[in-house]
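Listed below are the residues making up each chain.
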Amino acid sequence: MEHVCELTGICKQYRSRKTVHEVLHDVSMTLDAGEVFGFIGPNGAGKTTLLRIMCGLAHPTKGKVKVLGTDLTVRNAQLPTGIGVLVEYPSFIPELTGRRNLQLLASIRGVIGLPEVDATMELMGLDPGNKTPAGRYSLGMRQRLGLAQAIMEKPRLLLLDEPTNGLDPQGVAELRSYIRHLADQGVAIFLASHLLNEVEQVCDRVAIVKQGHVLRQMSKNDPVPYRGFSLQVSDTKDWSLVQQWAAQHQATLSQKDGVQGGMVGTAVPVPAALRDLVQAGVSIESITPDRDTLETTFLQAIQEEKK
Ligand SMILES: Nc1ncnc2c1ncn2[C@@H]1O[C@H](COP(=O)(O)OP(=O)(O)OP(=O)(O)O)[C@@H](O)[C@H]1O
């Protein structure tokens, strides 16, 4: 099956008279229908630049960009239809209402009319009857309008740059579930963000990027290494029972200051350890498997890069 998007060996340089600034270095990735791909990295990592390349707003210095069957790097390539884009700070004609702005944009391609515009605005939590000019919208409302613009023509490929910018917690949660809903309907979604939490919760695959280099690519289906668990017990008597268990199972303990608990380094899975400890009479307050989160992997990748 053909990928919705395929990037091969993308390099992007900006040249001034004296210097060459390499913003993206040898970036390769694929994106399939129904997949949410997170491109995550600190400020200035090159996320927006890659997103702009994927929708033909910028051209790579080297490499190949194939989007919805079209090679955007060949001369005079026509951008295929079916791409929705939310840029980082969407701007609109300030004197016109949100609805009128969307209506004008929709008239460019003519594939949808006012009913679809209104329905998309409502979906994004905006009132199509609101007469406020877009220039007076709050940051969050402008972001919702930007999202409505990106999805109103039902794209097959959706490119989102920092989509939760300015959204309140409810808006963030709604957007997250809407992104998953679109992916379930077969839309391929590229999400550029510096918010680890946002990416971790919604993405199927993630690339960590720093200064234009992809440091690591991960999938949520990758096996997660197990190192043990963090444990909190009720009192010192319980903790000495845990120490006995640890000695019998070659487990390592690192106790947290001021708490009856800490990290238990062991290969014994949580259910088996829990059974043993309860049988030994340990009163357990909480037990949590110690697994890598996107945050720990991200920080690790950035640290390794520094060495
Ligand atoms: N038109 C341009 N000319 C010169 N340099 C540019 C241009 N556009 C971007 N850059 C540089 O490319 C680098 C990457 O920028 P980019 O906006 O892609 O990063 P980003 O990861 O999206 O950052 P942020 O999270 O802050 O939005 C930055 O150092 C930026 O200054």
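Residues numbered from 1 in each chain as written. Predicted model: local features only at pLDDT ≥ 70, side-chain atom pairs only at ≥ 80, totals over all residues. Heavy atoms only, no water.

- Looking at an unreviewed UniProt entry, the protein chain carries the name ABC transporter ATP-binding protein, with the source organism given as Candidatus Cryosericum odellii.
- UniProt lists a comment for the protein chain under the heading Sequence similarities (unreviewed entry), and it reads "Belongs to the ABC transporter superfamily." (UniProt positions renumbered as here; feature names shortened; annotations may be inferred.)

## Comments concerning the environment of T48
Working step 1: Relative to the helices and strands, T48 is located in helix α1 (residues 47–54).
Working step 2: On the basis of relative accessible area, T48 is assigned to the partly exposed category, the value being 28%.
Working step 3: Taking the C-alpha atoms as reference points, T48 and R180, 132 residues apart in sequence, are found 22 Å from one another.
Working step 4: Apart from residues no more than four positions distant in its own chain, T48 is found in contact with E88 and D161. (Helix = DSSP H or I, 4+ residues; strand = E, 2+ residues; numbered from the N terminus. Buried < 20%, exposed > 50% of the residue type's maximum accessible area, 1.4 Å probe, protein only. Contact = heavy atoms within 4.5 Å.)

## Topic: helix α4 (residues 139–151)
Working step 1: The first and last C-alpha atoms of α4 sit 19 Å apart over 13 residues, in line with the 18 Å expected at 1.5 Å per residue.
Working step 2: Those residues of α4 lying buried are G140, Q143, R144, L145, G146, L147, A148, A150 and I151.
Working step 3: Tucked into the core, α4 has its buried residues touching β6 (83–86), α2 (98–109), α3 (114–123), β7 (157–161) and α5 (169–184). (Expected span 1.5 Å × (residues − 1).)

## Topic: the sheet that holds strand β3 (residues 36–40)
Working step 1: If you walk across this open sheet you meet the 6 strands as β6-β7-β8-β3-β9-β10, and the pairing is mixed. Only two strands of the sheet have a single neighbouring strand rather than two, namely β6 and β10 (213–219). Strand-to-strand twist of the sheet, defined as the mean angle between neighbouring strand axes without regard to direction, takes the value 15°.
Working step 2: Two elements, strand β9 (residues 205–210) and β10, share 6 bridges in a ladder whose sense is antiparallel. Its bridge partner lying in β10, I208 is registered against R216.
Working step 3: Running over the sheet, α1 touches β3, β6, β7, β8 (188–193) and β9 and is turned about 150° from β8.
Working step 4: Strands in contact with α5 are β3, β7 and β8; relative to β8, the strand with the most contacts, it is inclined by about 150°. (Pairing = 2+ DSSP bridges. Axes fitted to C-alpha atoms, helices over the stretch in contact; angles between N-to-C directions.)

## Points about the site of the ligand
Working step 1: Taken together, 13 residues lie around the ligand, and G44, G46, K47, T48 and T49 are the ones closest in.
Working step 2: A distance of 3.1 Å separates an oxygen atom of the ligand from a polar atom in the side chain of N43.
Working step 3: For the ligand, an oxygen atom lies 2.8 Å from a polar atom in the backbone of G44.
Working step 4: For the ligand, the protein covers 62% of the area, taking 640 Å² as the surface of the free molecule.
Working step 5: Of all elements in the fold, only β2 (20–31) and α1 reach the threshold of two or more residues within the shell around the ligand.
Working step 6: Considering each element in turn, the shell around the ligand owes the most residues, 3 residues, to α1.
Working step 7: Residues belonging to the shell around the ligand are distributed by class as follows: 4 nonpolar, 6 polar and 3 charged. (Near = heavy atom within 4 Å. Polar contact = N/O pair within 3.5 Å; in protein donor to acceptor, adjacent residues only side chain to side chain. Areas by Shrake-Rupley, 256 points an atom, 1.4 Å probe, with all protein chains shown as cover. Nonpolar A, V, L, I, M, F, W, Y, C, P; charged D, E, K, R; others polar.)

## Considerations on the layout of surface pockets
Working step 1: Looking at the largest pocket, its volume works out to about 630 Å³.
Working step 2: If you go around the largest pocket, you meet 23 residues; those closest to its centre are I83, G84, V85, R109 and Q149.
Working step 3: Breaking the lining of the largest pocket down by element, the ones donating at least two residues are β6, α2 and α4.
Working step 4: Estimated volume of the second largest pocket: approximately 390 Å³.
Working step 5: Of all the secondary structure elements, the ones that give two or more residues to the lining of the second largest pocket are β9, β10 and α9 (294–306).
Working step 6: Classifying every residue of the lining of the second largest pocket by side-chain character gives 7 nonpolar, 4 polar and 7 charged. (1 Å grid on protein atoms, 1.4 Å probe; cavity = no way out; pocket = protein on both sides within 12 Å on 5 of 7 lines; lining within 4 Å. Points joined across faces, edges and corners; volume = space filled by probe spheres on them.)

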